[in-house]
Every structure is written in C-alpha cells, then in structure tokens.
Amino acid sequence: MENKLFIYNTLTRKKEEFKPLHAPHVGMYVCGPTVYSDAHLGHTRPAITFDTLYRYLQYLGYKVRYVRNITDVGHLEHDADDGEDKIAKKARLENLEPMEVVQYYTLRYHKEMERLNVLPPSIEPHASGHIIEQIEFVKKILAAGYAYESEGSVYFDVEKYNKKFHYGKLSGRNIDELLETTRTLDGQTEKRRSIDFALWKKASPGHIMHWPSPWSEGFPGWHLECSAMGTKYLGEEFDIHGGGMDLMFPHHECEIAQSCAALGHESVRYWMHNNMITINGQKMGKSLGNFITLEELFTGTHPLLSQPFAPMTIRFFILQAHYRSTVDFSNDALIASEKGLARLMETYERLQKLTASENSTVEVNGLRERCEEAMCDDLNTPIVISHLFDAAKAINTVHDGKGTISAPDLAELKSVFHVFIEDVLGLQTETTNESNEAYKKAIDLLLEIRLQAKQNKDWATSDKIRNELTGLGFNIKDTKDGFEWNL
Ligand code: ZN
C-alpha cells in the first residue's frame, strides 16, 4: 500500500486521499438492483465501476468486505412513499409469488454480471431477509425523536432533523426549496410535511408483501434497508458507499439522515457516485424506445443495434470513460469499442509469443507506475487504457522485427499487461478465460481418444464419442492431421 489512492468524495466535493478506518480492512457498500425486471444498460455502469474499485483495492493489498444488496421489498413506483411495490405488481400481473419474481431476476442478474466479469460481492443481503434489523432501526430513530407514527406508518421528521443535522448535504439541495416543491403533492395527509419520508408503511388491503411490526402490518421504506444492512455488515462507521448518481437524492440523502438520526453520527467516510449513461444523447427510458436490456445487447436484438455485442465490449466501453463523466451510448460507439478491444487483446496475445533478446531497443520502463498513478487518481481507467495502447506500440515493433526486448523487460511487460487488463480492468478474452481453456482441452482430449479408437478399429468407441458430441451441438471434421471442431 505504498501508493496513495485518491478518490472523489461526493460529500466533500473533492478528491481525498483514501484512508480506511481499519486498514488493511476496507468496508464497501454499493446499492444493488431492484429485482423485478431484466438488467439493462443502466445497471452496467455502477456494477463495472465498483467492481473495478473492488479489484483495485485488492491489488493495493486491502482486504475488502464488499456488500451489495438486493432490493426485493418496499421499492415503490413514482417515489419512495407512493404507488405500488414494483415486485408485487409484477407478481400480481404474472400470478406469481413475489419471491418467485425475486428469485428469477436475481439469478438472471447474477448470470449477466458473471458474463460482464463482475465479481460477486462478499455479502449480498436481501432487504426481505432483514425486516427485523429494519424495524430495530426505526425504533432507534423514533427513540431519538426524529420520526413520528401516523396511522400505522412511521415517517422521518425531516424538518426537525435539519435543525440539528443538515438534510441535503450530499445532494446540495436546499430544504426550503424542497418544502416548497413537495408541498403540493396529493395523498400525503398522514405526513406532517410532504418532505417527510416513510420508514415504515402500513400495508393497504391489496398489498401482498407485508410483515408484522409494532406499528402495523406493513413494510419498510426503501431507503431503510441500506442503512440497516450497511450497519449490520460493515459497522456503525465504514469506508465507502457507492451507487449511481441517480440515487444521490433522495435515496442516499435519506440514508445519511437515517444513520445520523439513529446513531448520532455519519456512517460513511467516502461517498462515491458514477455518472449516468445516455443513449444517442437522450436519457434512457421505456417510453423513449431506447431502453436496452443486457440480453438484447448480447444478442443484438434491439432496433438500435446492428449486431450482437460481447459482454467484454460493453465492459471496455464503460471503462473507456472516467466513471464521473457522462457516457453516450450508441451502436457506432460500441463498434469502435469492439475494434479497440480487439486491437488491445491481439497485442496481448502477441506479447505472450515474443522472444527476448540481449537488450531492449523499445522503451517499456515505468508502465506499471504510470498505470498505478492513473488508477490512484480517482480510478482513471481511460488513462490506464491509453498507457496500455502506448505499450502496445512497443510490443508491435518487436513483433514486426523492428526492435528487440530484453528478458527482464519482457517479463515485466507481461506482468503489467496481465495485472491491468485482467485483474484490475477485468477484461477477458477467450484465450485468457481459464474455464474456456479447460473446456477446449477437454474436447481435444475426447477427440484424441476417438482418433486412437479409430486407429485400433474400435468403431464402437469412436462412433459413440462422435455421436454424443454431435448430439450436443459440436461439428467435428476429420482432417489429414487429425481433427477440427467447433460448436
Ligand atoms: Zn441503497
């Protein structure tokens, strides 16, 4: 941990040196998905940004406990206190148990994250599995005097809280403006003020997801789960809390208020937010016809796409921009990323095959330091990528016979490329994917056994291997040197 990592803290609005509370241990919480529909393009940016941070913290030698929750209760449409629970609505429409909806989309989310090479978090708590913790959290806020009960629901008293603490400190919003703009909303007669948000909501008769509590049969407010689960798994104070910029208000602002009210102090040291993705310059939305799911990206089945895009192309596309700048997504931009990634990976493969000479005529010194410096400057992945492309020129010079590289330089270059491409940026190729490699070797082995069987005139074995593999969808071709296959 010789390198000083600087990250931009949304709360203080400046880059700060990262100093964990209990080094080498780091606690990190990231708001995860609400599991009621397929993951879409908007999910990729927080997932990949914080995966890259998780990877880099480990590269620096930290032991990270990474908590990313699954929201499966209390996430209502329209705003946090109003409308129908999205999961319950889906369950009602499809005649399923809400937990069937949750299970189905959680498994699909995991699969898609795996394809994007997003590492699983250390703990993935579900809101529905932490109702007791959330009720206890509400009790603490009530005991501290920052919440009130009203007809079976419990609301956070924003105005009272703001007299001692500062509501709006994260998002920079002004409470007077908020009082003004939220005053006119309808159906909020239970609340003292429209700005107050629900900690616990009494379930209406048709509401299918509800639990007993001291106040009513009901369900927790959305913001509560992150305060309760963050505290449970990372302690009353922890290092990093991340999420998309769209969550800054009200979600994260309310999380801060809840934690300060219940615990008397801030929980989070560094708040980090990734910027959003626009599509052809527009905000992504179902009504705009530009809402693209990951499945559609990977299969190329959306009208805005001309072809399927590999998960690694999406990952590379995201990492080519700094996480705090906006990214505009388009079919052309993805094609450019696909080409760029192919060039980088081709060079990476060439690097493996280079032979060392006595001396180096190409300059490769300092590459590791430059990549580290870029990552330590608030995760500047586009600069890391440009350093790797600079080094790619040297690799290609040696590959083309126009330069030489010494054994120590070659070893260092291989190590830096491996660390930054695979471990830190999390980019894989078919040849660098170990399970893929093992699978190919296993098929080769089977076909070699078949070849031997044929030579021994053991037609039963030879036919069995051929027929079974063909049945699984493999094309097998006998050649004069042996065999070729593909799926
Ligand atoms: Zn959250």
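Source: prediction; values computed, not measured. (Residues numbered from 1 in each chain as written. Predicted model: local features only at pLDDT ≥ 70, side-chain atom pairs only at ≥ 80, totals over all residues. Heavy atoms only, no water.)

> Any chance you could break down the overall build of the protein chain for me, citing the residues and the numbers?
Along the protein chain, the regular secondary structure elements total 16 helices and 15 strands. Overall, the C-alpha framework of the protein chain stretches about 85 × 55 × 40 Å when taken along its three principal axes. Each of the 487 residues in the protein chain was classed as buried or not, and the buried ones make up 53%. Sequence-distant contacts, at least 24 apart, represent 74% of the contacts inside the protein chain between residues at least 6 apart. For the protein chain, the computed accessible surface area is about 22,800 Å², with 50% contributed by carbon and sulfur atoms. If the 54 positive side-chain charges of the protein chain are averaged to one point and the 70 negative ones to another, these points end up 1 Å apart. (Helix = DSSP H or I, 4+ residues; strand = E, 2+ residues; numbered from the N terminus. Buried < 20%, exposed > 50% of the residue type's maximum accessible area, 1.4 Å probe, protein only. Contact = heavy atoms within 4.5 Å. Areas by Shrake-Rupley, 256 points an atom, 1.4 Å probe, with all protein chains shown as cover. Lys, Arg positive; Asp, Glu negative; His and termini not counted. Charge placed at Lys NZ, Arg CZ, Asp CG, Glu CD.)

> I'd like to hear about the nonpolar core, residue by residue, with values.
Among the nonpolar cores identified, the biggest contains 78 residues, and Met28, Leu57, Leu297, Phe329, Phe417 and Phe420 are the most heavily contacted of them. Taken domain by domain, this core gets at least three of its residues from each of domain 1 (6-274) and domain 2 (279-424). Contact partners of phenylalanine 417, with chain neighbours within four places excluded, come to Leu344, Tyr348, Leu351, Leu367, Leu388, Ala391, Ala392, Ile395 and Glu422. (Core = buried A, V, L, I, M, F, W, Y, C linked by side-chain atoms within 4.5 Å. Domains from an automatic or database assignment.)

> Lay out the domain arrangement of the protein chain with the relevant residues and their values.
The domain architecture assigned to the protein chain consists of domain 1 (6-274), domain 2 (279-424) and domain 3 (434-486). Each of domain 1 and domain 2 was reduced to a C-alpha centroid, and the two centroids are 33 Å apart. If you look at the interface, domain 1 gives 29 residues, while domain 2 gives 36 residues. For the domain 1 and domain 2 pair, buried surface summed over both sides reaches about 3,000 Å², with 64% attributable to carbon and sulfur atoms. Looking at the side of domain 1 facing domain 2, the largest losses of area belong to Leu41, Arg45 and Tyr56, adding up to 25% of the total buried there. Where aspartate 51 meets arginine 315, a salt bridge forms, and the shortest distance between an N and an O atom there is 2.8 Å. Applying the counting criterion to the domain 1 and domain 2 interface returns 17 residue pairs in polar contact (both at pLDDT 80 or more). For the side of domain 1 that touches domain 2, the secondary-structure elements that each account for two or more residues are strand 1 (6-9), helix 1 (41-59), helix 3 (98-115) and strand 10 (268-274). (Buried area = accessible area lost by both parts, 1.4 Å probe. Salt bridge = Lys/Arg side-chain N within 4 Å of Asp/Glu carboxyl O. Polar contact = N/O pair within 3.5 Å; in protein donor to acceptor, adjacent residues only side chain to side chain.)

> Mind laying out the packing of aromatic side chains, listing which residues take part and the relevant values?
Under the defined criterion, the tally for this structure stands at 18 aromatic pairs. A centroid spacing of 5.3 Å and a plane angle of 65 degrees characterise the contact between phenylalanine 156 and tyrosine 161, whose relative ring orientation is edge-to-face. Note on phenylalanine 156: relative accessible area 0%, which makes it buried. Judged by relative accessible area, which is 1%, tyrosine 161 ranks as buried. Centroid distance phenylalanine 156 to phenylalanine 197: 4.8 Å. Interplanar angle 10 degrees. Geometry classified as stacked. With phenylalanine 156 in strand 6 (residues 153-156) and phenylalanine 197 in the loop between helix 6 (175-182) and strand 7 (198-202), this residue pair connects regions lying 41 residues apart in the sequence. Judged by relative accessible area, which is 4%, phenylalanine 197 ranks as buried. Connected via pairs of aromatic rings, a cluster forms that spans Tyr146, Phe156, Tyr161, Phe165 and Phe197. (Phe/Tyr/Trp six-rings, centres within 6.5 Å; stacked < 30°, edge-to-face > 60°.)

> Tell me what's going on with the sheet that holds strand 4 (residues 63-68), and back it up with residues and numbers.
Sheets are built from strands paired through backbone hydrogen bonds, the pairs being either parallel or antiparallel. With parallel pairing, four strands are arranged side by side in an open sheet as 4-3-9-10. Strand pairing shows two members of the sheet lacking a second neighbour, strand 4 and strand 10, which therefore form its edges. This sheet shows a mean twist of 20 degrees between the axes of neighbouring strands, independent of strand direction. Note: strand 9 (residues 238-244) against strand 10, six bridges, orientation parallel. Bridging from a neighbouring strand, glycine 242 pairs with methionine 272 of strand 10. (Pairing = 2+ DSSP bridges. Axes fitted to C-alpha atoms, helices over the stretch in contact; angles between N-to-C directions.)

> Describe the sheet that holds strand 11 (residues 277-279), naming the residues involved and giving the relevant values.
Here three strands make up an open sheet; going across it, the order is 12-11-13 and the pairing mixed. Of all the strands in the sheet, the pair left with one neighbour each is strand 12 (282-283) and strand 13 (327-329). Packing against the sheet, helix 1 makes contact with strand 11 and strand 13, and its axis sits at approximately 155 degrees to strand 11.

> Describe in detail helix 2 (residues 86-94), supporting the description with residues and values.
Looking only at helix 2, the buried set comprises Lys86, Ile87, Ala88 and Ala91. One or two positions beyond helix 2, positive phi appears at asparagine 95, with a value near 55 degrees.

> Describe the environment of glutamate 237, naming the residues involved and giving the relevant values.
With respect to the helices, strands and loops of the structure, glutamate 237 is situated in the loop between helix 7 (222-234) and strand 9. For glutamate 237, a relative accessible area of 39% gives the class partly exposed. Distance from glutamate 237 to methionine 248, taken between C-alpha atoms, is 19 Å for residues eleven residues apart in sequence. Here glutamate 237 is in contact with Leu21, Glu266, Ser267 and Arg269, once residues within four sequence places are set aside.

> Residue-level account of the pairing of strand 4, with values.
Relative to strand 4, strand 3 (residues 25-30) runs parallel, the two being bridged by six bridges. Of the residues in strand 4, the one forming a bridge with histidine 25 is lysine 63. Crossover strand 3 to strand 4 through helix 1 is right-handed. (Right-handed = clockwise from strand over helix to strand, strands pointing away.)

> Summarise the pairing of strand 1; cite the residues concerned and give the values.
Residues of strand 1 alternate between two faces, with Ile7 and Asn9 buried on one and Phe6 and Tyr8 left unburied on the opposite face. Bridging between strand 1 and strand 2 (residues 14-17) involves four bridges; their strand directions are antiparallel. Within the sheet, the bridge partner assigned to phenylalanine 6 lies in strand 2 and is glutamate 17.

> Describe the pattern of salt bridges, listing the residues and the values that go with them.
Once the charged atoms of two side chains with opposite charge are near each other, the side chains can pair. Counted according to the given criterion, the structure contains 21 salt bridges. Two residues, lysine 90 and glutamate 94, come together in a salt bridge whose shortest N-O distance is 3.7 Å. Residue lysine 90 and its partner glutamate 94 are located together in helix 2, separated by four residues, close to a single helical turn. Taking the relative accessible area as the measure of exposure, lysine 90 reaches 22% and is therefore partly exposed. Under the relative-accessibility criterion, glutamate 94 is labelled partly exposed at 43%. A network of salt bridges, in which partner residues are shared, links Arg450, Lys454, Arg466 and Asp478.

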